[in-house]
Amino acid sequence: NAGVTQTPKFQVLKTGQSMTLQCAQDMNHNSMYWYRQDPGMGLRLIYYSASEGTTDKGEVPNGYNVSRLNKREFSLRLESAAPSQTSVYFCASSPNYRGVAKNIQYFGAGTRLSVL
Amino acid sequence: QKEVEQNSGPLSVPEGAIASLNCTYSDRGSQSFFWYRQYSGKSPELIMSIYSNGDKEDGRFTAQLNKASQYVSLLIRDSQPSDSATYLCAGLYNFNKFYFGSGTKLNVKP
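(A) Representation of the overall build of chain B within the structure. When helices and strands are tallied, chain B shows zero helices and 11 strands. For 110 residues, the compact-globule estimate of 2.2 N^0.38 gives 13 Å, and chain B sits close to it at 13 Å. Summarising its shape, the C-alpha atoms of chain B cover approximately 40 × 30 × 20 Å along the three principal directions. Approximately 5000 Å² of chain B is accessible, and the part contributed by carbon and sulfur atoms is 45%. If the 11 positive side-chain charges of chain B are averaged to one point and the 10 negative ones to another, these points end up 5 Å apart.

(B) Structural detail: the overall build of chain A. Check the secondary structure of chain A and you find zero helices and 11 strands. Reading chain A from its N end, one meets helices and strands in the order β-β-β-β-β-β-β-β-β-β-β. Taken over C-alpha atoms, the radius of gyration comes to 14 Å for chain A, in line with the 13 Å a tight globule of 116 residues would show. Across the 116 residues of chain A, 48% fall into the buried class. Excluding contacts between residues fewer than 6 apart, the proportion of contacts in chain A whose partners are at least 24 apart in sequence is 56%. As displayed, chain A has an accessible area near 5400 Å², and 50% of this comes from carbon and sulfur atoms.

(C) Quick look at the interface of chain A and chain B. Residue-level contacts link 27 residues of chain A with 23 residues of chain B. For the chain A and chain B pair, buried surface summed over both sides reaches about 1900 Å², with 57% attributable to carbon and sulfur atoms. The interface formed by chain A and chain B contains zero salt bridges. Linking chain A to chain B there are five residue pairs in polar contact (both at pLDDT 80 or more).

(D) Structural context of the side chain of Q6 of chain A. Residue and element names in this part refer to chain A. Here Q6 is to be found in strand β1 (residues 4–7). On the basis of relative accessible area, Q6 is assigned to the buried category, the value being 3%. At 3.0 Å, the side chain of Q6 forms a polar contact with the backbone oxygen of Y89. At a separation of 3.1 Å, a polar atom in the side chain of Q6 contacts the main-chain amide nitrogen of G110. The contact partners of Q6, leaving out residues within four places of it in the chain, are Q22, W34, Y89, F90, C91, G108, A109, G110 and T111.

(E) View of the sheet that holds strand β8 (residues 74–78) of chain A. Residue and element names in this part refer to chain A. Strand order in the open sheet formed by four strands is β1-β3-β8-β7, with antiparallel pairing between adjacent strands. Two strands bound the open sheet, and with one partner strand each, they are β1 and β7 (64–68). Taken pair by pair, the neighbouring strands of this sheet meet at an average axis angle of 15°, ignoring direction. One ladder, built from three bridges, connects strand β3 (residues 19–25) with β8; its direction is antiparallel. Bridge assignment links T20 to a residue of β8, and that residue is R77.

About the criteria used
- Residues numbered from 1 in each chain as written.
- Chains lettered and ligands numbered in written order.
- Predicted model: local features only at pLDDT ≥ 70, side-chain atom pairs only at ≥ 80, totals over all residues.
- Heavy atoms only, no water.
- Helix = DSSP H or I, 4+ residues; strand = E, 2+ residues; numbered from the N terminus.
- Rg over C-alpha atoms; globule rule 2.2 N^0.38 Å.
- Areas by Shrake-Rupley, 256 points an atom, 1.4 Å probe, with all protein chains shown as cover.
- Lys, Arg positive; Asp, Glu negative; His and termini not counted.
- Charge placed at Lys NZ, Arg CZ, Asp CG, Glu CD.
- Buried < 20%, exposed > 50% of the residue type's maximum accessible area, 1.4 Å probe, protein only.
- Contact = heavy atoms within 4.5 Å.
- Buried area = accessible area lost by both parts, 1.4 Å probe.
- Salt bridge = Lys/Arg side-chain N within 4 Å of Asp/Glu carboxyl O.
- Polar contact = N/O pair within 3.5 Å; in protein donor to acceptor, adjacent residues only side chain to side chain.
- Pairing = 2+ DSSP bridges.
- Axes fitted to C-alpha atoms, helices over the stretch in contact; angles between N-to-C directions.

Structure (structure tokens):
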């Protein structure tokens, strides 16, 4: 069981470069999420997709775009990277059961991004 | 803005003691709460989930939820050095939206 797979694991960018972080889950989950985590801080939601075909902004969406390619895949794109986007990025998924307060998030291993 | 407040710590306990981690939350409509453990440089992993008032026990871990006081806690009995990590408290609303506290760092000293 792979669970949630993120690629790449590490990346160094120069200011202004673009890149796409990939995420795939094999648990048939409806909802997928992108978070960033900065030192000493919790997880901040960038974007999420409640179900295939929908995406919504989270707490810190500026400078990012997302694509829910299909039920399995949810990518995060940085169009013009800035040093402030240096962070650890986590993708997560959850079943999004309706009427059942047992939804649990499962996390990928993370992508460590440095923008110089 | 939905918020979860946690003491950042570090919380230091001796090996074998009980570690008590707490968080408070702002949204009374939150449906479930979760405790995640995160080792340095790793991703969060689920320890406990709870959605009813009261206690829920799983091995050495007990989660407690008090919706009237908007308070969630995690007790770790017989703490081990391997329990040293950052513990994140999270709430769920609308069945698919999660919000996280900033985490409490726990140090268990041999």
